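Spelled out, the chains give:
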Amino acid sequence: MGPRRSPIKKRVLKNAAAEADQFRARAAIAFAFVLLGVIGLGFWYFRLQVWQHDDYAMRSEANRVKLRPVVPGRGLIYDRQGRILADNVPAFRIEVTPSEAGDSKDWLPQLAQVVALTPEEIARFESERKATRGFKPIVLKMRVSDEEVAAFAVDRWRFPGVELVSYLNRRYPYGSLFAHVIGYVGRIDTKDEEAMGQNAGVLTHTGKTGLERFYDEQLRGQIGYEQIETNVDGRPIRQVGYVPAKPGADLRLSIDMDLQQAMITAFGDMDGSAVAVDPRTGEVLAMVSLPSYDTNLFVNGISSVDYKALSGNPSRPQFNRNVLGGGPPGSTMKPFVALAGLDSGLRRAEDRTLSTGEFHIPGQKRGYRDSHGGGHGWVDLRESIAQSVNTYYYKLALEMGIARFDQYMTRYGFGQKTGIDLAGENIGILPSPQWKAKRSKEGWYPGETVIAGIGQGYWVVTALQLARGTAAIANGGHLQQLHLVRESRTGYEAPWLPKQVAAPTLITDNPAHLRAVQEGMVSTIHGGRGTAKVMARGAPYRMAGKTGTAQKISRKGNVSMNPHSLPLHLRHQALFVGYAPAENPTIAVAVVVEHGGYGGSTAAPIARKIFDAWLLGKMPEPLPGKNEPPAVPKLAAADANKADEAAPAESEPRIVPVAVNGAWAESVAAANAVVAAQPGRAPQALERRPLLRPQLPGAEAPADAVPSDAADDASGEPEDEPVAPEPAPTVAPAAEPRR
């Protein structure tokens with residue numbers, strides 16, 4: 001066999017036409033993809049340049065122009081005479097942006113060498129830094145002094161992210177004088193931020209209490225902004241736009257600063273509250289709650305030392321007694337109960353009731369005491385108000401029934417808000433079976449209706465409610481809405497606009513009924529046996545009023561307890577309501593003195609000083625040594641227990657000094673000394689001797705007490721409280737009355 005030959009390869013001829021078609025197909029596909037890409041790119045460019053032009057232009061502008069908020073000036077607050085009570089002063093604060101400043105451990109110790117920082121400020125900054133985002137500025141220190149501003153300006157380059165910012169700081173020129181009226185602003189906290197929304201990141205302060213809180217939105221104004229052009233480093237170059245902020249509204253109050261000061265001075269060093277209103281309009285002329293505090297302490301954050309001093313004070317200076325407080329009104333309710341008796345048809349003004357010293361519910365042995373152990377005899381409506389006769393009101397309340405009683409008390413404004421423009425107003429307690437049923441399984445007893453007639457029992461009434469009701473009696477029966485703000489304006493050149501208030505309601509349809517009650521209240525002060533007749537001494541004008549004593553401890557037997565000899569927490573609450581001048585009232589007041597004893601000897605003189613300040617322009621003189629309560633001579637307890645074995649009258653009684661918180665200290669000391677000098681007597685059981693209380697011309701001597709073994713369930717204030725003799729006050733020439 002010969003060698004194998006390789007197979008012969010066939011030559012494939014190219015198909016030019018097919019290749020051309022294939023190329024054209026591929027080219028068409030490629031061209032289509034390119035065309036789609038070009039169309040997509042064009043569409044994308046169109047979208048960027050046309051559809052989204054505004055968005056990207058705004059973003060670009062934002063990189064070049066920064067918006068800086070302009071905080072408006074907070075509205076000013078004036079008194080009725082135009083004197084500034086709350087204003088704004090220029091100040092500086094230090095703000096830190098954590099993302100730019102870096103770790104606080106690196107720069108904070110160095111900054112503390114330039115600017116004084118307290119531990120509270122550092123702790124607050126660290127707390128906020130952990131709770132907020134790093135790009136948000138955080139306030140490190142408020143109210144930087146001028147020296148610290150100069151020192152920081154020199155070393156500013158050492159602290160990136162730390163800025164010195166100017167602002168307007170809230171200031172209260174009169175501090176504690178208006179603490180419970182104006183209130184204060186404070187640093188914004190987490191709860192405030194949630195309520196304020198978008199404004200929370202701009203504002204640093206907001207209203208916390210008083211009018212600052214109630215009118216916070218109006219006082220705050222509207223935030224503006226300025227447009228600042230910056231370079232690539234974020235440094236400002238120039239201002240390219242500006243939207244001005246709208247300042248907050250200014251408020252003009254109905255409060256008169258002079259009367260406010262007179263009211264505080266009249267209290268001396270006693271605790272309590274008082275309200276003075278214009279019965280014609282419902283405007284609050286003065287309102288105090290004592291003790292008070294300096295509101296400037298809270299504006300930029302109170303120190304822990306100052307806060308502990310305030311919160312640890314047993315008298316609770318921060319507690320607004322007029323708005324949040326309240327207590328039994330005592331005999332100050334009797335004019336209203338008397339008016340309810342007339343309006344209900346159960347009594348006529350001339351109807352007489354016999355007061356024997358005790359009242360008994362038919363079928364019961366338990367007795368309800370009158371203010372006089374021997375009773376007041378036969379008294380009509382006017383005499384029952386003037387002499388504060390409990391029996392008259394025991395019987396009237398029982399006949400009226402608690403349902404009808406509540407109906408009339410509600411009509412007179414009790415158990416409801418007065419409309420005062422302050423947050424958190426207490427409505428008090430109007431005694432009723434429904435109220436008791438929610439808190440006790442026991443039913444309503446007739447005795448609870450009886451004591452409700454003299455303002456005792458479950459009653460809780462605020463000084464605002466008493467002042468409002470008294471003003472309604474004074475002005476002819478119109479129950480006005482109380483308000484502190486008189487006018488407001490939205491700019492310095494804008495006109496003052498009066499505050500809109502609700503229309504008054506009538507408390508009675510019979511002017512004759514109201515006139516009878518008014519006459520009884522006038523007799524309380526100008527009558528021979530009125531419980532506040534001491535107020536009439538030297539007065540060139542006539543007044544009307546009613547005293548009250550809300551007791552915390554009952555009398556034992558027929559012996560009157562001297563409230564000033566009791567421990568402070570057991571002393572009676574002294575009250576007074578009234579108005580002046582009696583013929584054409586321009587002021588109505590309610591005074592509540594905590595642990596003050598009797599209304600006629602403690603609260604009524606305060607009201608007289610308030611009347612004199614408003615009607616005569618006569619300011620009361622402050623007590624000497626007001627900051628140090630005087631010591632009151634008081635018989636030692638050991639000597640009181642040995643009253644039956646007392647030394648002869650000429651021997652010197654043993655006394656010990658006891659600090660008393662009250663302006664009554666001097667009079668009580670004299671009264672106790674006189675009684676202690678009597679054989680077998682102790683100051684805790686004072687006899688009603690004429691020398692303890694000088695009688696006005698034409699006044700009748702008080703009747704002696706008559707012993708009784710009946711229970712002392714509830715008692716009002718005595719007809720005559722034991723007070724030391726005092727000379728008739730000299731009255732300055734009558735000035736033009738306030739309008």
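Each value, and the rule that gives it
Residue numbers restart at each chain and count upward from 1, following the sequence in its written direction. Side-chain atom pairs in this predicted model are given and counted only at pLDDT of 80 or more, local residue features only at pLDDT of at least 70, and totals for whole chains, interfaces and linings cover all residues. As a rule here, side-chain values cover all heavy atoms of the structure and leave hydrogens and water aside. Values of pLDDT, the confidence the predictor places in each residue, fall between 0 and 100. Contacts were defined at the residue level, with two residues in contact if any of their heavy atoms lie within 4.5 Å. Two strands qualify as a pair provided DSSP detects at least 2 bridges between them. Secondary structure elements are taken from DSSP: a helix is a run of H or I of four residues or more, a strand is a run of E of two residues or more, and numbering for both begins at the N terminus. To obtain an axis, a line is fitted to C-alpha atoms, over the contacting stretch when the element is a helix, and the angle between two such axes runs from 0 to 180 degrees between their N-to-C directions. Burial here depends on accessible area, computed with a 1.4 Å probe over protein chains only, as a share of the maximum for the residue type. Under 20% is buried, over 50% is exposed, and the range in between is partly exposed. The directions considered for the arc run from the helix axis to the C-beta atoms. Stacked, edge-to-face and tilted labels apply to pairs of Phe, Tyr and Trp rings (six-membered ring for Trp) whose centres lie within 6.5 Å, assigned for plane angles under 30 degrees, over 60, and everything in between, in that order. Charges are assigned to positions over rings by a cutoff of 6 Å between ring centre and Lys NZ or Arg CZ, combined with an angular limit of 35 degrees from the ring normal. In this text, buried Ala, Val, Leu, Ile, Met, Phe, Trp, Tyr and Cys residues form a nonpolar core when linked through side-chain atoms within 4.5 Å. A helix's residues, less one, multiplied by 1.5 Å, set its expected span. Each angle receives one of four descriptions, namely roughly parallel if under 35 degrees, roughly antiparallel if over 145, roughly perpendicular if within 65 to 115, and oblique otherwise. Note: crossing handedness is left-handed where the near helix turns anticlockwise from the far helix by less than a right angle, and right-handed where it turns clockwise. All residues other than Ala, Val, Leu, Ile, Met, Phe, Trp, Tyr, Cys, Pro, Asp, Glu, Lys and Arg, Gly among them, are scored as polar; the first ten of these are nonpolar and the last four charged. What goes into a patch is any residue over 30% in relative accessible area without a salt bridge, connected to like charges within 9 Å or, for nonpolar side chains (Val, Leu, Ile, Met, Phe, Trp, Tyr), within 5 Å. To measure how exposed things are, a 1.4 Å probe is used in the Shrake-Rupley method; for residues, cover is taken only from the protein chains shown. We count a salt bridge whenever a side-chain nitrogen from Lys or Arg sits within 4 Å of a carboxyl oxygen from Asp or Glu.

For the rest of this paragraph, the subject is the confidence of the model for the protein. Residues of the protein with pLDDT of at least 70 account for 78%, and the chain-wide mean is 80. Note on residues 627–716: pLDDT under 50 across the span, and 168 contacts to partners over four residues away in sequence or across chains. Throughout residues 719–737 the model reports pLDDT below 50, and contacts reaching past four residues in sequence, or to other chains, amount to 44 contacts.

Let us look at the sheet that holds strand β8 (residues 224–230). Taken together, the three strands give an open sheet; going across it, the order is β1-β8-β9, and neighbouring strands pair in antiparallel fashion. Across the chains shown, the open sheet's two edge strands, defined by having one partner strand only, are β1 (65–70) and β9 (236–243). When strand polarity is set aside, the average angle formed by the axes of neighbouring strands in this sheet is 30°. Strand direction decides the pairing type here: β8 and β9, joined by six bridges, are antiparallel. Within β9, the position partnered with Ile228 by the bridge is Gln239.

Quick look at the pairing of strand β18 (residues 485–489) now. Taken together, the four bridges between strand β10 (residues 250–253) and β18 define a ladder with antiparallel strand orientation. Within β18, the residue paired with Asp250 across the bridge is Arg489. Note: β18 against strand β19 (residues 497–498), two bridges, orientation antiparallel. Bridging across to β19, Glu487 finds its partner in Pro498.

All right, on to helix α16 (residues 402–411) then. Listed as buried for α16 are Ile402, Phe405, Asp406, Tyr408 and Met409. One face of α16 carries all of its buried residues, which in axial projection span an arc of 165°. Seen from the buried face of α16, the exposed residues on the opposite side, beyond 90 degrees, are Ala403 and Gln407. Residues of α16 that are buried sit in contact with α13 (334–343), α15 (390–400), α17 (433–437) and α18 (446–452).

Taken as a whole and judged by the stated rule, the model has 19 aromatic pairs. Relative to Trp51, the ring of Phe46 has its centre 5.7 Å away and its plane inclined at 75°; by these criteria the two rings are edge-to-face. For the ring pair Tyr174 and Phe178, a centre distance of 6.4 Å and an interplane angle of 75° mean the geometry is edge-to-face. Grouping aromatic residues by their ring pairs yields a cluster made of Phe336, Phe405, Tyr408, Tyr412, Phe414 and Trp459. One cation-aromatic arrangement involves Arg316 over Phe319; the distance from NZ or CZ to the ring centre is 4.3 Å.

What follows is about unusual backbone geometry. Residue Pro291 follows Leu290 across a cis peptide bond; omega there is 5°. With respect to the helices and strands, the residue Pro291 is situated in the loop between β12 (284–290) and α11 (304–311). Along the chain, Ala580 connects to Pro581 via a cis peptide bond; the corresponding omega equals -20°. Tracing the backbone through its elements, the reader meets Pro581 in the loop between β22 (573–580) and β23 (587–593). Positive phi, close to 50°, is recorded for Arg143, a residue that is not glycine. Mapped onto the elements of the fold, Arg143 is located in the loop between β4 (138–141) and α6 (146–155). In this model, Ser388 sits at a positive phi of 55°, which is unusual for a non-glycine residue. Residue class for Ser388 comes out buried when judged on its relative accessible area of 0%.

All right, on to the nonpolar core then. Leu253, Phe267, Met409 and Phe576 are the most contacted members of the largest nonpolar core, which has 127 residues in total. If one sorts the elements of this core by residue count, helix α21 (residues 599–615) sits on top with nine residues. Within the second largest apolar cluster, 17 residues are counted, among which are Val96, Val115, Ile138 and Val144.

Another point: helix α5 (residues 119–131). Relative to the 18 Å expected for 13 residues at 1.5 Å per residue, α5 spans 19 Å between its end C-alpha atoms, a close match to the ideal helical length. Glu121, Phe125 and Glu126 are the residues of α5 that are buried. The buried residues of α5 occupy an angular sector of 130° when the element is viewed end-on, so they sit on one face. Away from its buried face by more than 90 degrees, α5 exposes Pro119, Lys130 and Ala131. Buried residues in α5 make contact with β3 (84–96), α4 (104–114) and β4.

All right, on to the packing of α13 against α15 then. Across the interface, α13 lies against α15 with an axial gap of 10 Å and an inter-helix angle of 45°. What the angle tells us is that α13 and α15 run oblique. With respect to the hand of their crossing, α13 and α15 are arranged in left-handed fashion. Taken together, the residues of α15 that come into contact with α13 (itself represented by Lys334, Val337, Ala338, Ala340 and Gly341) are Asn390, Tyr393, Leu396 and Met400. By residue class, the composition of the contact of α13 with α15 is six nonpolar, two polar and one charged.

Quick look at the pairing of strand β11 (residues 272–277) now. Here β11 lies mainly inside the structure; six of its six residues are buried. Looking at chain direction, β11 and β12 are connected through six bridges and run antiparallel. In the sheet register, Ser273 faces β12, and the bridge partner there is Ser289. Connecting β11 to the next strand, β12, in antiparallel fashion are six residues, including Gly282 with a positive phi near 85°. In this sheet, β23 lies alongside β11 in antiparallel orientation, the contact comprising six bridges. When the bridges of β23 are listed, Gly272 appears paired with Val593.

Time to look at a nonpolar patch on the surface. Taken together, Phe31, Leu35, Leu36 and Ile39 make up a surface patch of nonpolar side chains, about 430 Å² in accessible area. Of note, Leu35 is situated in helix α1 (residues 16–51). Here Leu35 falls in the partly exposed class, since its relative accessible area comes to 41%.

Strands sit in the order β12-β11-β23-β22-β21 across an open sheet of five strands; the sheet is antiparallel. Unpaired on one side and paired on the other, β12 and β21 (544–550) mark the two borders of the sheet. Going from strand to strand, the sheet's axes swing by 5° on average, the running direction of each strand aside. Here helix α10 (residues 257–267) sits on the sheet and contacts β11, β12 and β23; the angle it forms with β12, its principal contact strand, is near 35°. Along the sheet, helix α20 (residues 511–526) contacts β21 and β22; its crossing angle with β21, the most-contacted strand, is approximately 75°.

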